[in-house]
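One-letter residues, chain by chain:
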Amino acid sequence: AQKITQTQPGMFVQEKEAVTLDCTYDTSDQSYGLFWYKQPSSGEMIFLIYQGSYDEQNATEGRYSLNFQKARKSANLVISASQLGDSAMYFCAMRDAYSGAGSYQLTFGKGTKLSVIP
Amino acid sequence: EPEVTQTPSHQVTQMGQEVILRCVPISNHLYFYWYRQILGQKVEFLVSFYNNEISEKSEIFDDQFSVERPDGSNFTLKIRSTKLEDSAMYFCASSRDIPDMNTEAFFGQGTRLTVV
């Protein structure tokens, strides 16, 4: 069963506008972590933001914020004031207790390609 | 800022040949991982490594794959006899010593392996 679902293969946003990238997840665990990574065309994976399942407040990191709706099992990434350099693939990922203690297996979604239009 | 370093950035090899992908994790990290990403597809976990042994591996990580920490700084992934379907971007990652739920993994820039 797919654990991370990103339903938007591609998104366009005007420069300086905000954009929301969707992510839903599936887990029966109470304790889990949700991550967003950015992958520019150069290929590297860049950590953006983390949300823990027990965190009561939505995570924020600069222009990135995570709209965490636990009951809906969604963890959408919001990028405010988009910049041309934000054009990249964005991956949502999860680590839950099923991953096993003593390891760090992240389960990734298929990604969303964001294109920022000048 | 410390980072994970991978070499080479791009490797082309003939089918059936052995390849070794190299990684230098962040120096004070103790957990190391390999992931792969076939072109246009999602990133998939291969293996995690701690205290000089594999702690977890996925179904992808079959007998053709092996990992090693030959010295205090390098972490390698070996594919013994490459197949066309091994063509992918391979990412090395590392994390700090206690992999709590909120421990982020820091990824390297990847090695693009092309098997011809």
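Our subject is the structure listed above.
This text gives an overview of the structure that appears in the document.

Each value, and the rule that gives it
- Every chain begins its residue count from 1, and numbering advances along the sequence as written.
- Working convention: letters from A go to chains and numbers from 1 go to ligands, in the order in which they are written.
- pLDDT decides what is reported in this predicted model: residues at 70 or higher carry local features, side-chain atom pairs at 80 or more are listed and counted, and totals for whole chains, interfaces and linings draw on all residues regardless.
- Each side-chain value is worked out from all heavy atoms of the structure, with water and hydrogens disregarded.
- The term nonpolar core refers to a set of buried residues drawn from Ala, Val, Leu, Ile, Met, Phe, Trp, Tyr and Cys, joined through side-chain atoms within 4.5 Å.
- Classification of residues uses two cut-offs on accessible area relative to the type maximum, computed with a 1.4 Å probe and protein chains only: under 20% is buried, over 50% is exposed, and between them is partly exposed.
- The way it works is that DSSP assigns letters per residue, a run of H or I at least four long becomes a helix, a run of E at least two long becomes a strand, and they are numbered from the N terminus.
- By definition in these notes, contact holds between two residues if any of their heavy atoms fall within 4.5 Å.
- Counted as salt bridges are all cases of a side-chain nitrogen of Lys or Arg within 4 Å of a carboxyl oxygen of Asp or Glu.
- Polar contacts, as counted here, are pairs of nitrogen or oxygen atoms within 3.5 Å of one another; within protein the pair requires one atom able to donate a hydrogen and one able to accept it, and residues that are adjacent in sequence qualify only if both atoms are side-chain atoms.
- Note on residue classes: Ala, Val, Leu, Ile, Met, Phe, Trp, Tyr, Cys and Pro are nonpolar, Asp, Glu, Lys and Arg are charged, and everything else, Gly too, is polar.
- In summary, the pairing rule links any two rings of Phe, Tyr or Trp, Trp by its six-membered ring, whose centres are within 6.5 Å, and it sorts them by plane angle into stacked for under 30 degrees, edge-to-face for over 60 and tilted for everything else.

A few points about the nonpolar core
1) Next: Counting residues in each nonpolar core, the largest one holds 24 residues, and the members touching the most others are Tyr25(A), Trp36(A), Ile49(A), Leu77(A), Tyr90(A) and Leu114(A).
2) Next: Of all the secondary structure elements, the ones that give two or more residues to this core are strand 3 (19–21), strand 5 (32–39), strand 6 (46–52), strand 8 (64–69), strand 9 (74–79), strand 10 (88–96) and strand 12 (112–117) of chain A.
3) Next: Looking at this core, the element that brings in the most residues is strand 10 of chain A, giving 4 residues.
4) Next: Once you skip the residues sitting within four places of it in the chain, Leu114(A) turns out to touch Met11(A), Val13(A), Val19(A), Leu21(A), Ile79(A), Asp86(A), Ser87(A), Ala88(A) and Tyr90(A).
5) Next: Membership of the second largest hydrophobic core comes to 21 residues, among which are Leu46(B), Phe49(B), Val67(B) and Cys92(B).

Here we look at the interface of chain B and chain A
1) Next: At the interface, 22 residues of chain B touch 24 residues of chain A.
2) Next: Seen at the junction of chain B and chain A, the total is 0 salt bridges.
3) Next: Remark: the boundary between chain B and chain A carries 3 residue pairs in polar contact (both at pLDDT 80 or more).
4) Next: When residues of the side of chain B that touches chain A are traced back to their parent elements, those giving at least two are strand 4 (31–37), strand 5 (43–50), strand 6 (53–57) and strand 9 (88–95) of chain B.
5) Next: In terms of residue class, the side of chain B that touches chain A is built from 11 nonpolar, 7 polar and 4 charged.

Here we look at the packing of aromatic side chains
1) Next: The final tally for this structure, using the stated rule, is 17 aromatic pairs over all chains.
2) Next: On the numbers, 5.8 Å between centres and 85° between planes, the contact of Phe108(A) with Tyr35(B) is edge-to-face. Placement of the pair is Phe108(A) in strand 11 (residues 107–108) and Tyr35(B) in strand 4, with the two residues belonging to separate chains.
3) Next: For Tyr35(B), a relative accessible area of 0% corresponds to the buried category.
4) Next: Plain terms: the ring middles of Phe108(A) and Phe107(B) are 6.1 Å apart, the flat faces sit at 80° to each other, and that makes the pair edge-to-face. Of this pair, Phe108(A) sits in strand 11 while Phe107(B) sits in strand 10 (residues 106–107), placing the two residues on different chains.
5) Next: Of the residues examined, Phe108(A) reaches a relative accessible area of 1% and is grouped as buried.
6) Next: By relative accessible area, Phe107(B) is classed as buried at 9%.
7) Next: An aromatic cluster of three or more residues is present, and its members are Phe35(A), Tyr37(A), Phe47(A), Tyr50(A), Phe91(A), Phe108(A), Tyr35(B), Phe45(B), Phe91(B) and Phe107(B).

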